[in-house]
Each structure stands twice: as structure tokens, then as C-alpha cells.
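Topology and contacts: notes
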Amino acid sequence: MTLTPTRAVDVRVRRLTTTLYGYSFLEEFVLLYPVYALLFSDAGLSVWQISSLFALWSVTAVVLEVPSGAWADAVSRRLLLVVGPLLTGAGFALWVLVPSYAAFAAGFVLWGTGGALSSGALEALVYDEMERGGVSDRYARVLGRARAAGLVAVMAAMGLAGPVLAWGGHAAVGAASVLVCALASVTASRFPEHRVAEGVREGQGWTAVLRGGLREARRDRSVRGALLLVPAVAAVWGALDEYTPLLVREAGVGDAVVPGVLLVIWGGATAGSLLAGEGERFGTGGLAVLVGGGGVALAVGALAGTVVGLLLVAVAFGAFQAATVLAEARLQHRIEATGRATLTSVAGLGTELVTLTVFAGYAVVASGHGHGAAFVVAAVPYVVLAVGLAVVRCRGAGAEV
């Protein structure tokens, strides 16, 4: 049977998207995620030691984010996507086999390195393959579904971690997590990749590729705007994710019910991912409505301090998730293929740095005024961003953002 050109493209795109959805699910379906803090505590670590591990994880991601993106442009992106989960799985194995501060620290370095290898490489590979097939206009929809698959995996891991921990302890949870990482690596090997790596094609090292990508950002104002937009949208609500259980408890919800409420909030984020593709046609104006509406919903919901108010927080997270997908898609549309992974990683670095700033600011506000007040303050940047986007839209310069 001979496939027509259109049919052949559809088959390739279907293989790409199916692999992407599976990889996105497996990347997040890690049973250790909800309980690794318990593992550290059971191993006798103090709060300060646990905090230092989180800091080491963040520093690893910040240091390697941009170099790994340039590396993804210089060599095979698929190779990095295969190696990344293996490093992460090795870190999880260390945690369970030799539970100690040194092993936990080494595990976080491996996890941070594995995450850095995947960051930028995944988005760049998928966009280039879709562009090759002439379907890059579907990128926001596909990315939204991939993000939704990851969120569903997080919720599934939350539900399964408790029973598996009760059945087999940390060893069982760790073994399941290592297995999932191995499956993610195998899945990554199925990604199609037709581009010739820049370092191979031009005989360049990764540093030359890095300079080329940054040169594009300096030269093209629309690329710079898109680079700034991603952390502006993604960082604040991404940091708030870590504090949602405390906000839920402050609203009077019993500890036994907290996981159920969190599932509702993340259900909102999942819905936002699935609907993101529909919002792309509304352009900058639609993005402004999403960001501003999400900011208002977040402030009102957090200020209410009730279970009903938490439903508004779920709506806000849905709006922010959709806006994040749209901002990431906008960046991919702006970038030339040569420095795609590099510049995607630059945006990731910006998100990491802003997130660290949000953590510090949250601690200051919440320690004196409570978690609800901290969430309200965190909503302000979104309202300001929405006003800025609306002004740009009214000036007819939406393409410049």
C-alpha cells in the first residue's frame, strides 16, 4: 500500500504526538514526588538539611539550563531526551539504596542534570518536526495536550503513592519511580528526528551554537519579547504550586481532605492545558484576558479563605496554565530553527530565576500575614502584565511581544 504525501505526513505527526504524550506522562508519573520529603525526614535529616537539598536542586537547574539547551542544538536532541530520564532514575535509585544526606544530594544533582537535558530539547524537537510536516500551527494544541498528560500523571501519582508506600515502603515507591524513568527513556527513543545537529553540520562546538542563539535574541525584538513573556506568565503560579496545600489547610480543610481539594485545583490546570490551543487564535488580546482574569480569580479566591474560594483558585490555575502554553508556543513561532533549544532554555532559565525570587517574597508575606495574603500579592503581577498586554494590543503592536 502506497501512502499519499498527506497521509504520510499524518502518520509521522501521529507518531510524534503519541510519543510526546507518552513521554510527558511518564516524566511526571513518579510516585516519589509526593513522598520524597517523608523519605528525607525518615532518614533523620533536619529541616535545614532538606532545604539545602532543594537549593542544590535549583542551583543545578539554573547552572545547566542554558548550556544544555545549546548542547541540544549542537547534538542530537533525541539523545538528550533518552539520557535525561536515565540520570533522574539513577538519582532516585541512590535515594532508596543508600538513604543519606550525601546520596540525597547526589540524587538531586543527577535529577537536576536530567531535567536540564530535557528542558528546551523536547520543545525544540517537537516544533521542528511539526514544522517539517507543515503543521506547526497545531503546536499550541499539541503542547497543551502534552502538559495535560503530565498533570494527569501528577494526579495519578498523588493517588497511588500512599497505597504503594503503605504496601512496600520507600523501597517500593523508589523502585516504581526508577522503572518509570527507564520507560520514559525508552519512549524518548521513538521520537523522530530529521534535523542535522548544528555542531555536526557546521563543525561547531556547543559554545558557538550558544553564541548564535543569543545573537538572534539580541537582533530580533519579537524574540526578546517572547523570551521575557514566558517567565512573566509561568514563574509566579509555578512557585505557588508548592504552597497550595498550605492555602487549602488555611481555608479550614482537614488534612485528610487536602489531597482531594488539590486534585480539583490541578483538574483546573489540566482543563487549561486542553483548552490552550483554542485560545491561540485570539492573539495578544486573548492572552491579556486569560492572564488578567486568572489574576483576579486568584486574588478573590485566596482572599475568600473558603472552600468555594478555592474553586476560583482552580479557575486561576487553569487560566495560567493555558497562558503558559500560549506563551511557550509564541516563543517557538518567533525562533529560527538554528537556535531553538538554546533560546527555549534561556526562557527556562528566566523562569527558574523568577521562581526563586517568588519563593523569597512569598516567605516574607506569608510569615507575617498568612498564605491567603501571599496568594493575593502574587496575583498583582498578573494584573499588571494583563494591562501591559492590553496596551500593546491597542497600539497594534501585538506581533512585537
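Provided above is the structure to which this section pertains.
Before going into details, it helps to say that this report is about the structure given with it. (Residues numbered from 1 in each chain as written. Predicted model: local features only at pLDDT ≥ 70, side-chain atom pairs only at ≥ 80, totals over all residues. Heavy atoms only, no water.)

Observations concerning the overall build of the protein chain
Each helix and strand in the protein chain was counted, giving 16 helices and zero strands. A buried classification covers 50% of the 401 residues belonging to the protein chain. Within the protein chain, counting contacts between residues at least 6 apart in sequence, those at least 24 apart form 83% of the total. Counting only carbon and sulfur atoms, one obtains 68% of the accessible surface of the protein chain, whose full area is about 17,200 Å². (Helix = DSSP H or I, 4+ residues; strand = E, 2+ residues; numbered from the N terminus. Buried < 20%, exposed > 50% of the residue type's maximum accessible area, 1.4 Å probe, protein only. Contact = heavy atoms within 4.5 Å. Areas by Shrake-Rupley, 256 points an atom, 1.4 Å probe, with all protein chains shown as cover.)

Regarding the packing of helix α15 (residues 340-369) against helix α16 (residues 371-394)
Their axes nearest at 7 Å, the elements α15 and α16 cross at an angle of 140°. Judged by the inter-axis angle, α15 sits oblique to α16. Between α15 and α16 lies a crossing of right-handed hand. Between α15 and α16, the residues in contact are Tyr362, Val365, Ala366 and His369 and His371, Ala373, Ala374, Phe375 and Val377, respectively. Here the residues of the contact of α15 with α16 are counted per class, giving seven nonpolar, two polar and no charged. (Axes fitted to C-alpha atoms, helices over the stretch in contact; angles between N-to-C directions. Parallel < 35°, antiparallel > 145°, perpendicular 65-115°, else oblique. Left-handed = near helix turned anticlockwise from the far one by under 90°. Nonpolar A, V, L, I, M, F, W, Y, C, P; charged D, E, K, R; others polar.)

Structural notes on the pattern of salt bridges
Going through the model one piece at a time under the given rule, you end up with seven salt bridges. Salt-bridge contacts for glutamate 123 lead to arginine 147; the nearest nitrogen and oxygen are separated by 3.5 Å. Of this pair, glutamate 123 sits in helix α6 (residues 121-132) while arginine 147 is found in helix α7 (residues 139-188), placing the two residues 24 residues apart along the sequence. Taking the relative accessible area as the measure of exposure, glutamate 123 reaches 14% and is therefore buried. Overall, arginine 147 belongs to the partly exposed group, its relative accessible area being 23%. Taking the shortest distance from any N to any O, the salt bridge between arginine 340 and glutamate 131 comes out at 3.9 Å. (Salt bridge = Lys/Arg side-chain N within 4 Å of Asp/Glu carboxyl O.)

Here we look at helix α12 (residues 258-279)
Relative to the 32 Å expected for 22 residues at 1.5 Å per residue, α12 spans 31 Å between its end C-alpha atoms, a close match to the ideal helical length. The largest bend in α12 amounts to roughly 30° and is located at serine 273. (Expected span 1.5 Å × (residues − 1). Bend = angle between axes of the 7 residues up to and from the residue.)

Description of the packing of aromatic side chains
Inspection of the entire model under this criterion finds 29 aromatic pairs. Grouped by ring-pair contacts, the aromatic residues Tyr33, Tyr36, Phe40, Phe54, Trp57, Phe92, Trp95, Phe104, Phe108 and Trp111 constitute a single cluster. (Phe/Tyr/Trp six-rings, centres within 6.5 Å; stacked < 30°, edge-to-face > 60°.)

Some details on the nonpolar core
Phe40, Trp95, Val126, Phe191, Leu298 and Phe317 are the most contacted members of the largest nonpolar core, which totals 108 residues. In terms of residues, this core owes the most to one element, α7, which gives 15 residues. Contacts of phenylalanine 317, omitting those with residues within four sequence positions, involve Trp237, Leu240, Asp241, Thr244, Ile265, Trp266, Ala269 and Leu298. (Core = buried A, V, L, I, M, F, W, Y, C linked by side-chain atoms within 4.5 Å.)

A closer look at a nonpolar patch on the surface
Taken together, the side chains of Val296, Val300, Leu312, Val315, Val383, Val387 and Val391 present a nonpolar region at the surface, about 530 Å² in accessible area. When residues of the nonpolar patch are traced back to their parent elements, those giving at least two are α13 (283-304), α14 (307-334) and α16. The leading source of residues in the nonpolar patch is α16, at three residues. Looking at where leucine 312 falls in the secondary structure, it is placed in helix α14. (Patch = residues over 30% accessible without salt bridge, like charges linked within 9 Å, V, L, I, M, F, W, Y side chains within 5 Å.)

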